[in-house]
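Fold and geometry: a report
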Amino acid sequence: MSGCAGIGGVVLAAGGARRMGGRLKQLLPCKGEVLVHRAARTALEAGLRPVWVVVGAQAQAVWQAVADLPVEILLNPAWEAGQSASVRLAAAALRRARLAGGVFFPADQPFVPPALVTALCEAYCRTRAPIVTPEIARERSTPVLVAASIFPLLEELHGDTGARALFDRIPPLPLHWDAPQARAEIDTPADYRRWCPEGATWQGD
Amino acid sequence: MCGRFTLTLTTEDLQAAFHQFVFPGGVQPRYNIAPGQPVLAVPNDGRFTAAHFLWGLVPSWAKDPRRYRFINARAETAAQKPAFRAALRRRRCLVLADGFYEWQRLGDSRRPFYFTLKNRQPFALAGLWEIWMGPDGSEITTCALLTTRANALVAPVHARMPVILPPETWEAWLQPGEVDPATMEPLWRPYPAEAMQRWRVSPAVNNPRVDAPHLIEAVTA
């Protein structure tokens, strides 16, 4: 996809949140595949290369869930220190691969369409804005595209935060997106029941 | 050094080619398998079942798995190396492939070549696997490929090549439990050059982001 030349993908799947009845969120099935697989597949389908999956909690189970995809695995043993450890690891990988930018995906947002990711990349190529985020129903959402100039800043993050810690300093370019499902997050058992009911078939946007 | 290889087969192809092993479903053809990625391997756990291992061996004693990612182990010295000696005795595996790439250094540039068996059948590379225990007690299984000196076909391109194990050695290599490394030395013989073929391929393979059939197509100088 032309909009995504030189832009890599990062799926942040190292967290240990178990609010879903003791199950690791990134391994919950939704529409026929587990959430981490869905995020990695979306990144690949959007044309991002390479795609890294950062794993930490139950690392083996999580990377095994994406082993059928052409992704690279980043092991983050410091996942308990918060999301910044994963972001630092991924930013260093993006920098070493000399990419023009990277798109960071949470693993718990199952209805991000590949077209949204492509649109983020195209917005970046058009404007060279250092950070591009989707704006859905007037709210800032993820995935977040960051340009190479931002990688060193990401490598300095600490605590339980990601690129959003930079938004005050570097206001993101908003990319308006109309389909509100794209921002659906699976954060509670109620979200999960709502968005991933057994047997329901999501047809995409 | 063996830093890229191919396995251009599906689960069904693999099952037909290696009837003695059991394969997971959903395996898709791969033309540019690179370090850090999951690779398909049969470990010596007595089950003859292929599973995915992360390519880049992390020794069990590594405090930080980001620092130790061994993609190759020199077969001749693995028995002495702290990162490999336990694995060589106790944790061996077959890494499945149907071709591998090596690069020829020419001054400042590097030209990639692709190597396969003449009969184009998939084959088994000798690998070592290891278990690293995460801070949360979960295990991560990783692997490295054993390398040996190049045969006459590989030598003009590169001085080393992966150890290719012929089928008659698989049972011994995959026996569970402890094996004396000295008994394995005959296995480090380079695979016969006359059973292999090579051709030059496009530098497109240099980029691990590219994974497509055109990577293994021959190019002329």
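Quick summary incoming for the structure in this document. (Residues numbered from 1 in each chain as written. Chains lettered and ligands numbered in written order. Predicted model: local features only at pLDDT ≥ 70, side-chain atom pairs only at ≥ 80, totals over all residues. Heavy atoms only, no water.)

1. So, the pattern of salt bridges
Residues and elements named next belong to chain A. Taken as a whole and assessed by the stated rule, the structure comprises 13 salt bridges over all chains. When the shortest N-O distance is used, the salt bridge between Arg38 and Glu33 registers 3.4 Å. The exposure class of Arg38 is buried, given its relative accessible area of 9%. Between Arg95 and Glu155 there is a salt bridge whose closest N-O contact spans 2.6 Å. In this pair, Arg95 is assigned in helix α3 (residues 83–96) and Glu155 in the loop between α5 (151–154) and β10 (173–177), connecting sequence segments 60 residues apart. A relative accessible area of 24% places Glu155 in the partly exposed class. (Salt bridge = Lys/Arg side-chain N within 4 Å of Asp/Glu carboxyl O. Buried < 20%, exposed > 50% of the residue type's maximum accessible area, 1.4 Å probe, protein only. Helix = DSSP H or I, 4+ residues; strand = E, 2+ residues; numbered from the N terminus.)

2. Overview of the sheet that holds strand β1 (residues 4–7) of chain B
Residue and element names in this part refer to chain B. Strand order in this open sheet of 5 strands is β2-β1-β7-β8-β13, and the pairing throughout is antiparallel. Unpaired on one side and paired on the other, β2 (30–33) and β13 (196–200) mark the two borders of the sheet. Averaged over all pairs of adjacent strands, the angle between strand axes in this sheet comes to 30°, irrespective of strand direction. Bridge analysis of β1 against β2 gives 2 bridges, and the strand direction is antiparallel. When the sheet's bridge partners are listed, Phe5 is paired in β2 with Ile33. (Pairing = 2+ DSSP bridges. Axes fitted to C-alpha atoms, helices over the stretch in contact; angles between N-to-C directions.)

3. Comments concerning the packing of aromatic side chains
For the structure shown, the criterion picks out 14 aromatic pairs over all chains. For the pair A:Phe111 and A:Trp195, a centre-to-centre distance of 5.7 Å together with 55° between the ring planes defines the contact as tilted. Here the residue A:Phe111 occupies a position in the loop between β6 (101–106) and α4 (114–127), and A:Trp195 occupies one in helix α6 (residues 189–195), the gap between them amounting to 84 residues. A single burial state applies to A:Phe111 and to A:Trp195, both of which are buried. Following the ring pairs from residue to residue traces out a cluster consisting of B:Phe18, B:Phe21, B:Phe23, B:Phe48 and B:Trp170. Its guanidinium or amino end placed over the ring of B:Trp173, B:Arg92 lies 5.9 Å from that ring's centre, counting from NZ or CZ. (Phe/Tyr/Trp six-rings, centres within 6.5 Å; stacked < 30°, edge-to-face > 60°. Lys NZ or Arg CZ within 6 Å of the ring centre and 35° of its normal.)

4. Notes on unusual backbone geometry
Residue A:Pro50 follows A:Arg49 across a cis peptide bond; omega there is -15°. Topologically, A:Pro50 is positioned in the loop between α1 (35–45) and β4 (51–55). Put simply, A:Thr142 and A:Pro143 share a cis peptide bond, and its omega is 5°. Mapped onto the elements, A:Pro143 comes out in the loop between β8 (139–140) and β9 (144–147). Despite not being glycine, A:Arg98 has its phi angle at roughly 55°, a positive value. Examined against the element boundaries, A:Arg98 turns out to sit in the loop between α3 and β6. In this model, B:Phe48 sits at a positive phi of 50°, which is unusual for a non-glycine residue. The partly exposed category is assigned to B:Phe48, whose relative accessible area is 33%.

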